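# Descriptive structure summary
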Amino acid sequence: MGIEIERKFRVVGEGWRAQAVRSVRIAQGYINDMAALREGRQNASVRVRIAGDQAFLNLKSRELGTTRQEFDYPVPVADAEALLALCVGGRIDKVRHYVEVEGHTFEVDEFRGDNAGLVVAELELESAGQAYPRPGWLGQEVTEELRYYNLALAERPYSRWSAQEQH
């Protein structure tokens, strides 16, 4: 069983761009929706993702916070494309930038489409209490805020957030 320990932040400014070492376009969708998780009918999100020339089927437990169970399985791109057609809700379209800071890799997601304008950084850690760098472009932590999870963004994209929610 895989365990993911991850923190999520809003990104402020453009300072991170100079530190990006590579980028990949990502398209993803969900086999289930937020309602199934919210109502307790399912205990995991089921995601299909195409990242560059690779594809994955991913399951994440529904716990909110830094630590969740995660299972990630490679699948043929053609299968992932067929599965994306079966997904519910909206699709997530983003460019993931890998940004190196003091030996840590931040994954900065620059959203497109209905989520354009939203930029978040995720950092996977080895333990929940592990220290990590805080570069100037790393804004407010949103790990505990459900609306920033990709499954939530597929259901209610950033373009539908109120001005207050966006800031």
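Before reading on, note that the structure itself is shown above.
Description of the structure in this document.

### Structural notes on the overall build of the protein
Within the protein one finds four helices and nine strands. Element order for the protein, N to C, with α for helix and β for strand: β-β-α-β-β-β-α-β-β-β-β-α-α. For a compact globule of 167 residues, the expected C-alpha radius of gyration is about 15 Å, and the protein comes in at 15 Å, within 12% of that figure. Along the three orthogonal principal directions, the C-alpha set of the protein runs to about 40 × 35 × 30 Å. Of the roughly 8400 Å² that the protein leaves accessible, carbon and sulfur atoms contribute 50%. For the protein, the distance from the average position of its 21 positive side-chain charges to the average position of its 26 negative side-chain charges is 4 Å.

### Some points on the packing of aromatic side chains
All chains considered together, the criterion is met by four aromatic pairs. On the basis of an interplanar angle of 55° and a centroid distance of 5.8 Å, the ring pair of F9 and Y132 is categorised as tilted. Of this pair, F9 sits in strand β1 (residues 2-11) while Y132 sits in the loop between β8 (119-124) and β9 (138-141); the two residues are 123 residues apart in sequence, bridging distant segments of the chain. Neither F9 nor Y132 differs from the other in exposure class; each is buried. On the numbers, 5.3 Å between centres and 75° between planes, the contact of F106 with W137 is edge-to-face. With F106 in strand β7 (residues 104-111) and W137 in the loop between β8 and β9, this pair connects stretches of sequence that are 31 residues apart. A single burial state applies to F106 and to W137, both of which are buried. By the ring-pair criterion, three or more aromatic residues cluster together here, those being Y148, Y158 and W161. Between the NZ or CZ atom of K8 and the centre of the ring of Y149, over which it lies, the distance is 5.2 Å. The ring of W161 has R147 sitting right over it, with the charged end atom 5.0 Å from the ring centre.

### Topic: the environment of L84
As for its position among the elements, L84 is in helix α2 (residues 77-84). Given a relative accessible area of 7%, L84 falls into the buried group. Spatially, the C-alpha atom of L84 lies 35 Å from that of Q130, the residues being 46 residues apart in sequence. Residues in contact with L84, not counting those within four places in the same chain, are Q28, G29, V48, I50 and R91.

### Here we look at the layout of surface pockets
Of the pockets and cavities examined, the largest pocket occupies roughly 660 Å³. In terms of lining, the largest pocket is formed by 35 residues, of which the most central are R47, R49, N58, K60 and E70. It is strand β4 (residues 54-61) that provides the largest number of residues to the lining of the largest pocket, a total of five residues. For the lining of the largest pocket, a count of residues per class yields twelve nonpolar, five polar and 18 charged.

Scoring rules and cut-offs
- Residues numbered from 1 in each chain as written.
- Predicted model: local features only at pLDDT ≥ 70, side-chain atom pairs only at ≥ 80, totals over all residues.
- Heavy atoms only, no water.
- Helix = DSSP H or I, 4+ residues; strand = E, 2+ residues; numbered from the N terminus.
- Rg over C-alpha atoms; globule rule 2.2 N^0.38 Å.
- Areas by Shrake-Rupley, 256 points an atom, 1.4 Å probe, with all protein chains shown as cover.
- Lys, Arg positive; Asp, Glu negative; His and termini not counted.
- Charge placed at Lys NZ, Arg CZ, Asp CG, Glu CD.
- Phe/Tyr/Trp six-rings, centres within 6.5 Å; stacked < 30°, edge-to-face > 60°.
- Buried < 20%, exposed > 50% of the residue type's maximum accessible area, 1.4 Å probe, protein only.
- Lys NZ or Arg CZ within 6 Å of the ring centre and 35° of its normal.
- Contact = heavy atoms within 4.5 Å.
- 1 Å grid on protein atoms, 1.4 Å probe; cavity = no way out; pocket = protein on both sides within 12 Å on 5 of 7 lines; lining within 4 Å.
- Points joined across faces, edges and corners; volume = space filled by probe spheres on them.
- Nonpolar A, V, L, I, M, F, W, Y, C, P; charged D, E, K, R; others polar.

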